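Close look at the chain arrangement
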Amino acid sequence: MDFIPSYNFYFRAYLLFMVISLVFSPHSFASESLVQDLTKLQSSNGKIVSQKKVPSYSGCSSSSRCYKIVYLSDGLEIAGYIVIPKKVPGKLPVLIFNRGGNRDFGKLTNKSLKYLSYLSSNGFIVLASQYRGVDGGEGKDQFGGEDIKDVLNLMPLAHSLAIADADNTVMLGFSRGGMMTYLAIKNGIKIKAAAVVGGATDLEQTYEERDKKMKRLIRELVGNDKQEWRNRSAYYWPEKINVPVLILHGGKDWRVKDSQARKLAKKLEDHGKEYKLTIIPEGDHGLNKHRRKRNSLIFNWFNSHLK
């Protein structure tokens, strides 16, 4: 009597094949896990305490490897992401991405991985923080206060990754992420260049021009002390912007008026700083309707400043 394989036979054979593939394949999940050289860390800052690979069907591009991580920053566990091209010919430069928003509004999601994957596809290892108090992370969002350390502490993390050329690092920030980018530069982060899209440069102007909801948010996260507002506003300390900055802004941006970009550019000009200002007249807050031009400008700027 001929043997006729049953459905269960095929199912068990498939399971066996998958197990063997995972165990012996050089591209198994275990072999694709992020590996840190902890001897490169001078403290616990930047240490990855957990990582989870994000599958392609959850937003990660099929050409990338995406990891949701938890890392240490000032003793706090902070959520974030690392995205790496699947094909890594050697050490790759690093791109630190600073998200916009506040608290859970604007936080990075699986949907965000599509853009992070795009950034990575241009030959970068992308690191991105949720900032403290977000996505299960410890601490509290201070909108540019102590939470700037969550960005700064991505640098030791980058230096601990064997595949990262952390001496060639650039930074990209959107909206509030632009403010975080300026603050990171103010705090002396070692990067080759930065790009800011729709970034706030004067929190006092933002407070005056925005609605009651935004006013309440600034009071809740920063307080009423205008000096604290200025501490977060690059317009008041242009002499500390010692990194080449590309400033991109939309002329139709109602969240952050383009005058904020223009007046910071004037200050940078007065101080002899290296910068480039591009205002796209019909552009919105994130220049999303002009993303092709926006992205081209960003990568041309980065590539012109990398070794």
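Everything quoted here is computed from the prediction, not taken from an experiment. (Residues numbered from 1 in each chain as written. Predicted model: local features only at pLDDT ≥ 70, side-chain atom pairs only at ≥ 80, totals over all residues. Heavy atoms only, no water.)

What follows covers the overall build of the protein. Of the regular secondary structure elements, the protein holds 10 helices and nine strands. When the 307 residues of the protein are sorted by exposure, 51% land in the buried category. Within the protein, contacts between residues at least 6 apart in sequence are counted, and of these 70% link residues at least 24 apart. Of the roughly 15,300 Å² of accessible surface on the protein, a fraction of 53% belongs to carbon and sulfur atoms. (Helix = DSSP H or I, 4+ residues; strand = E, 2+ residues; numbered from the N terminus. Buried < 20%, exposed > 50% of the residue type's maximum accessible area, 1.4 Å probe, protein only. Contact = heavy atoms within 4.5 Å. Areas by Shrake-Rupley, 256 points an atom, 1.4 Å probe, with all protein chains shown as cover.)

Let us now look at the side chain of Arg65. Along the chain, Arg65 turns up in strand E2 (residues 64–73). Aside from chain neighbours lying at most four places away, what touches Arg65 is Glu32, Lys53, Cys60, Ile82, Val83, Ile84, Pro85, Lys86 and Val88.

Our focus in this paragraph is the sheet that holds strand E7 (residues 193–197). The nine strands lie next to each other as E1-E2-E3-E5-E4-E6-E7-E8-E9, forming an open sheet whose pairing is mixed. Each of the sheet's edge strands pairs with one partner strand only, and the pair in question is strand E1 (48–54) and strand E9 (275–280). Within the sheet, the average angular offset between the axes of one strand and its neighbour, ignoring direction, is 20°. Inspection of the sheet shows E7 paired to strand E8 (residues 245–250) by four bridges, in the parallel sense. Opposite Ala195, over in E8, you have Leu246 as the bridge partner. This element, helix H10 (residues 291–305), spans strand E4 (92–98), strand E6 (164–174), E7, E8 and E9 of the sheet and lies at about 165° to E7. (Pairing = 2+ DSSP bridges. Axes fitted to C-alpha atoms, helices over the stretch in contact; angles between N-to-C directions.)

Here we come to H10. For H10, with 15 residues, the first-to-last C-alpha span of 21 Å sits near the 21 Å given by 1.5 Å per residue. If you follow the buried residues of H10, they end up packed against E4, helix H2 (113–121), E6, E7, E8 and E9. (Expected span 1.5 Å × (residues − 1).)

This next bit is on the pairing of E7. For E7, a buried count of five out of five residues is recorded, marking the element as mostly surrounded by other parts of the structure. On E7, burial covers both faces: Ala193, Ala195 and Val197 on one face and Ala194 and Val196 on the other are all buried. Here five bridges tie E6 to E7, and the two strands are oriented parallel to one another. When the bridges of E7 are listed, Phe174 appears paired with Val197.

All right, on to the packing of aromatic side chains then. The final tally for this structure, using the stated rule, is 10 aromatic pairs. Aromatic side chains Tyr118 and Phe299 sit 5.9 Å apart centroid to centroid with 80° between the ring planes, which places their arrangement in the edge-to-face category. Of this pair, Tyr118 sits in helix H2 while Phe299 is found in helix H10, placing the two residues 181 residues apart along the sequence. When its relative accessible area of 32% is taken as the criterion, Tyr118 is described as partly exposed. (Phe/Tyr/Trp six-rings, centres within 6.5 Å; stacked < 30°, edge-to-face > 60°.)

Looking now at the side chain of Lys273. Tracing the sequence through the fold places Lys273 in the loop between helix H9 (258–270) and E9. This buried residue, Lys273, is left without a salt bridge; Glu239 holds the nearest opposite charge, at 7.4 Å. Residues within four places of Lys273 in sequence aside, it is in contact with Pro238, Glu239, Ile241, Asn242 and Leu268. (Lys, Arg positive; Asp, Glu negative; His and termini not counted. Salt bridge = Lys/Arg side-chain N within 4 Å of Asp/Glu carboxyl O.)

Here we come to the packing of H2 against H10. At a closest axis distance of 12 Å, the pairing of H2 and H10 adopts a crossing angle of 40°. In this view, H2 runs oblique relative to H10, as classed from their interaxial angle. Handedness of the crossing formed by H2 with H10: right-handed. Judged by residue contacts, Tyr115, Tyr118 and Leu119 of H2 engage Arg294, Asn295, Ile298 and Phe299 from H10. Residues of the contact of H2 with H10, tallied by class, amount to five nonpolar, one polar and one charged. (Parallel < 35°, antiparallel > 145°, perpendicular 65-115°, else oblique. Left-handed = near helix turned anticlockwise from the far one by under 90°. Nonpolar A, V, L, I, M, F, W, Y, C, P; charged D, E, K, R; others polar.)

Bringing helix H7 (residues 212–221) into the picture now. Because an α-helix completes one turn every 3.6 residues, residues spaced three or four positions apart along the sequence face the same direction. Along H7, the residues classified as buried are Met214, Leu217, Ile218 and Leu221. One face of H7 carries all of its buried residues, which in axial projection span an arc of 95°. At its buried positions, H7 is contacted by helix H6 (203–209) and helix H8 (226–231). Just beyond H7, the residue with positive phi is Gly223, at close to 105°. (Arc of directions from axis to C-beta.)

Let us now look at the nonpolar core. One finds Ile82, Leu127, Leu157 and Tyr182 to be the most contacted residues of the largest nonpolar core, which totals 54 residues. Considering each element in turn, this core owes the most residues, six residues, to helix H5 (residues 176–186). Every residue in contact with Ile82, bar those within four places of it in the chain, is listed here: Leu34, Ile48, Arg65, Cys66, Tyr67, Ile69, Ile125, Val126, Leu127, Leu157 and Leu161. (Core = buried A, V, L, I, M, F, W, Y, C linked by side-chain atoms within 4.5 Å.)

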